[in-house]
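Inside the fold
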Amino acid sequence: MAGSLTVDVVAPDQVLWSGTAERVVAPTVEGEIGLLTGHEPVLSVLKGGTVRVRGGADGDAEFAIDSGFLSFDRDVITIIVEPHVEKAAEETPAPDAA
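Below, the structure is looked at part by part. Since this is a predicted model, take the numbers as computed values, not measurements.

Some remarks on unusual backbone geometry
A positive phi angle is found at Arg74, which is not glycine, with a value near 55°. One non-glycine residue with positive phi stands out, namely Asp75, at about 65°. Considering the arrangement of structural elements, one finds Asp75 in the loop between β7 (61-73) and β8 (76-83).

Re the pairing of strand β2 (residues 14-21)
In summary, the side chains of a regular strand alternate between the two faces of the sheet. Across 7 bridges, strand β1 (residues 5-11) lies against β2 in antiparallel orientation. Following the sheet pairing, Val9 is matched in β2 by Trp17. Hairpin connection, β1 to β2: the antiparallel pair is bridged by 2 residues.

Concerning the pattern of salt bridges
As enumerated under the stated definition, the model contains 2 salt bridges in all. Arg52 is the salt-bridge partner of Glu32, the closest N and O atoms lying 3.3 Å from each other. With Glu32 in strand β4 (residues 31-35) and Arg52 in strand β6 (residues 49-54), this residue pair connects regions lying 20 residues apart in the sequence. Residues Arg54 and Glu62 are paired through a salt bridge, measuring 2.3 Å at the closest nitrogen-oxygen approach. In this structure Arg54 comes out as buried when scored by relative accessible area, which is 19%.

Calculation criteria
Residues numbered from 1 in each chain as written. Predicted model: local features only at pLDDT ≥ 70, side-chain atom pairs only at ≥ 80, totals over all residues. Heavy atoms only, no water. Helix = DSSP H or I, 4+ residues; strand = E, 2+ residues; numbered from the N terminus. Pairing = 2+ DSSP bridges. Salt bridge = Lys/Arg side-chain N within 4 Å of Asp/Glu carboxyl O. Buried < 20%, exposed > 50% of the residue type's maximum accessible area, 1.4 Å probe, protein only.

Purely geometric stuff here, so don't read any function into it on its own.
Quick look at the structure:
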């Protein structure tokens, strides 16, 4: 049976997710990376896409990101992200009721 990963996904102003998982998949500038227990240490720059956390007791999670970086060492993953935020459509002012 595979061990578990300790995963923290954080944005500059908040913790987005923290828990355990069986695997994590993230979009790096060199291509998508999949991490399982026992993986060699990694430090990688992330590009826009989706970070996917799977198979842990704390459930699955997905995060749309614009950028960030990922650190993996001794089955501990820390992912610092700039979350993807949809810009609200510009509001058009209502015509004056004159």
